[in-house]
Each structure stands twice: as structure tokens, then as C-alpha cells.
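So the chains spell out like this:
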Amino acid sequence: MGLPVRAALLQVVNGPFVIDDVELESPRTGELRVRVTASGICHTDLTYRAGAGRFPFPAVLGHEGAGVVEAIGDGVTGFEPGDAVVLSYFSCRACGRCTRGHPAYCERGYAGNFSGARPDGSFPMRWRGEPVRSSFFHQSSFATHVLAHQHNAVKVDASAPLELLAPLGCGFQTGAGAVLEAFRLEAGQQLAVFGAGSVGLAAIMAARISGAASIIAVDVSEERLELARELGATDTFLAREPALTKTILKRTRGGVDFALECVGSPQVLRQAFEVTRPLGTCGLLGLPDPGNAEVTLSMTALLSGKKLVGILEGDADPKTFLPKLVALHAEGRFPLEKLSRAYDFGAINDAVHDMETRRAIKPVLRMHGGRTP
């Protein structure tokens, strides 16, 4: 008999989340049982809700959890009950990619993050007596309690504002990490960000921290662009503006050093690539629709030394990078509160609706310290 907890189950593609009782196993070797305080909702959750993962439902999604450790399994080091933690993506910490400093591209990363199961294929939760996919990013944080792994948990100060810090584990890490870790943008350089959602706005905040000379934001919403200016954008453009790329090229005198596509659109990726200067780098962060994931680019432009790179999780190691973001927030230089909106766990479908309709940039579910909503 497992621990009775509450979880938001997704039973059909694009269906509503249904909160119900599930049973949670005891922690296995290397695992932590975490009482979830809060969980951000990420675009990836909505993409998998729409069937991108092609794994069978029911399932429990969520991968931006934060909470308090309640119990630990065998072999866990560095954590004990009572520790406050922010949860991020899973990596094995032992393969060649991990040991070379790129855990976001872990050789076991797909199985440990995107399969909805543990890397060994097992499931931590049971619903109505049957196992359900419940280890999304080795956490499935749309629940009051989860099993995470010591490799994807980051300890923070007990007084840390977990409701604000929860989204650091994916969306904010992705945007900020792309600028600070993947690009290592330096003072005086230029950045263009296409898409002013949580990922793009985190990138803009990081670029301001880096001392970028020019930070360009592009979005379909004037309201989002106004927030982008508040967070550090020096120039903003509506995506529907005629001759957008020509305008940006003229404004930047030949293109930016770095560009980021944060939407997942082939058309937008092409624009981001076009405004990147020779020898510059264009990064892809947006998760595309599987049915619309092909893009055509100029081979001549590539011969100018431009680089196009895909970037997962900001190419950041959460064990070292998340503490940096926590410190920046404490200093007032990474104001997460300007992007987040809190919802009670029971209002998860309202939160999803507000995210889909762009009423909320980063919805954060409050689990009330693990109490039943």
C-alpha cells in the first residue's frame, strides 16, 4: 500500500486535468519523496498534454516542482528530510555528455525525462490499482507529493520563496541559461529574442545582467513587449510589423551577435536566423509542433559563419546554475514575481486556460504545503 496523495491526472489528449487520489511508492535507491509546495506550468506540459509524447494516458505531468523533502531512499547523499528543494530535469551524471559538463543532453535523458517513467521503465504512482505514467522529468509535479531523484533536486535555503522559485527548474533556466551558459553573452554584445513568454523574458533579464548593449524583443502582444522593456529590452517590435527582419538588420547595423527563437515556429526561426550577423549564433529554444517542424534556411548565410544551435534547458547544469539564479533573484536582478501568477492546485484547468490564452505568462500551482485542495 503506497502513500495516499492527490494528483492532477490527464486521461485523454487535450482533456481536462482531474484531481484524484493516487498511491505513491516509497523512495527507491537515489530517490527523494518531496512534499510539493508549488509547481510551475510549462509549455512542454501543454505540448505533451496535446499528445506530443505519444505515451498512453492516464498520466501525471508537471516538471517545475519545488517543495520539502519528507523521506529519502538508500544511497541518497546531500539531502535529508526537511530540506527545501527545487526540482529540475533528470540526468544520470555519469555518461560522457554529463561528465563533459552538458547534463541537459544526458544519454539517459529521454528515458528519465520524456517517457513519463523512471529510466528503468517503472512508475511511482498507481491510480485505481493500476500504474500510471508519473515520473515526467523524474518528478510529475502536478501532485501534492512526488518521487524525485537526487540528481534532479537542488537544495535551497529553508526560507526561500518556493512558490516563486519553482519555475526555475525548466522555463526560466532555459531562457537565462541560453544567454549566460550556452551563449556566454558579454557586455556590449547584441541579442534578439523572438517570443516574450517566460523563456524569452528570462533571456532578456539575463542579457541585462550580462550588460548587453542592445536587447531586442519581438512578440505578437504589445502588453508583453511593454513588460519586456521593463525587464531590460532596449528595442521592441510587434511580430506582424512589415519588413521586420530588414528593420532589425538596419537597427543593429547588420545583425545581432545572438538570436533566440522561443516560440517553436519554423517561420520565426527563419527570422531569428536572418537577423543574426555573420559569425553570430542563432539558438533554438522553442518546442515545435511535431507536424510542423521543418525549416528552410539559406546555405549562403551559413557560409558566412553563422551558427544555428539547438539548446535544451539552457545547456545549464541545475546543480550549479539554479543557485546562481536564486542569488540573482535575492539581489533583485532576476524579478521572477513580474512573470508569475499563482493558482490554487484545484484551479489547474483555469491556470492552463489562462496560459493558452496568454493571460498568464507563468502560472504557478500552489499545493498548500501538500494539503488536499
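Residues numbered from 1 in each chain as written. Predicted model: local features only at pLDDT ≥ 70, side-chain atom pairs only at ≥ 80, totals over all residues. Heavy atoms only, no water.

### Regarding the overall build of the protein chain
When helices and strands are tallied, the protein chain shows twelve helices and 18 strands. Here the C-alpha radius of gyration of the protein chain, 20 Å, is about what a compact globule of 373 residues would show, namely 21 Å. The principal-axis extents of the C-alpha atoms in the protein chain amount to approximately 65 × 40 × 35 Å. Counting over 373 residues, the protein chain shows a buried share of 57%. For the protein chain, the proportion of contacts with a sequence separation of at least 24, taken over those separated by at least 6, is 69%. Here the protein chain displays about 15100 Å² of accessible surface, and carbon together with sulfur accounts for 51% of that area. Distance from the positive charge centre (38 side chains) to the negative charge centre (39 side chains) of the protein chain: 4 Å. (Helix = DSSP H or I, 4+ residues; strand = E, 2+ residues; numbered from the N terminus. Rg over C-alpha atoms; globule rule 2.2 N^0.38 Å. Buried < 20%, exposed > 50% of the residue type's maximum accessible area, 1.4 Å probe, protein only. Contact = heavy atoms within 4.5 Å. Areas by Shrake-Rupley, 256 points an atom, 1.4 Å probe, with all protein chains shown as cover. Lys, Arg positive; Asp, Glu negative; His and termini not counted. Charge placed at Lys NZ, Arg CZ, Asp CG, Glu CD.)

### Side note on the packing of aromatic side chains
One pair of aromatic rings is described through two measures. These are the centre distance and the angle between the planes. All told, the structure shown has nine aromatic pairs when counted by the stated rule. Arranged with centres 6.0 Å apart and planes meeting at 25°, the rings of Tyr-48 and Phe-114 form a pair that is stacked. Here the residue Tyr-48 occupies a position in helix α1 (residues 43-49), and Phe-114 occupies one in helix α3 (residues 109-114), the gap between them amounting to 66 residues. On the basis of relative accessible area, Tyr-48 is assigned to the buried category, the value being 9%. Seen from their ring centres, Phe-114 and Phe-137 are 5.1 Å apart, and the 75° between their planes marks the pair as edge-to-face. Taken as a pair, Phe-114 in helix α3 and Phe-137 in the loop between β8 (130-132) and β9 (145-149) lie far apart in primary sequence, 23 residues in all. (Phe/Tyr/Trp six-rings, centres within 6.5 Å; stacked < 30°, edge-to-face > 60°.)

### Thoughts on helix α12 (residues 348-356)
Along α12, the residues classified as buried are Ile-348, Ala-351, Val-352, Asp-354 and Met-355. For α12, the arc enclosing every buried residue in end-on projection is 165°, short of the 170-degree limit, so these residues lie on one face. Tucked into the core, α12 has its buried residues touching β1 (3-10), β2 (17-24), α1, β17 (340-344) and β18 (362-366). Directly after α12, the chain includes Arg-358, whose backbone phi takes a positive value near 65°. (Arc of directions from axis to C-beta.)

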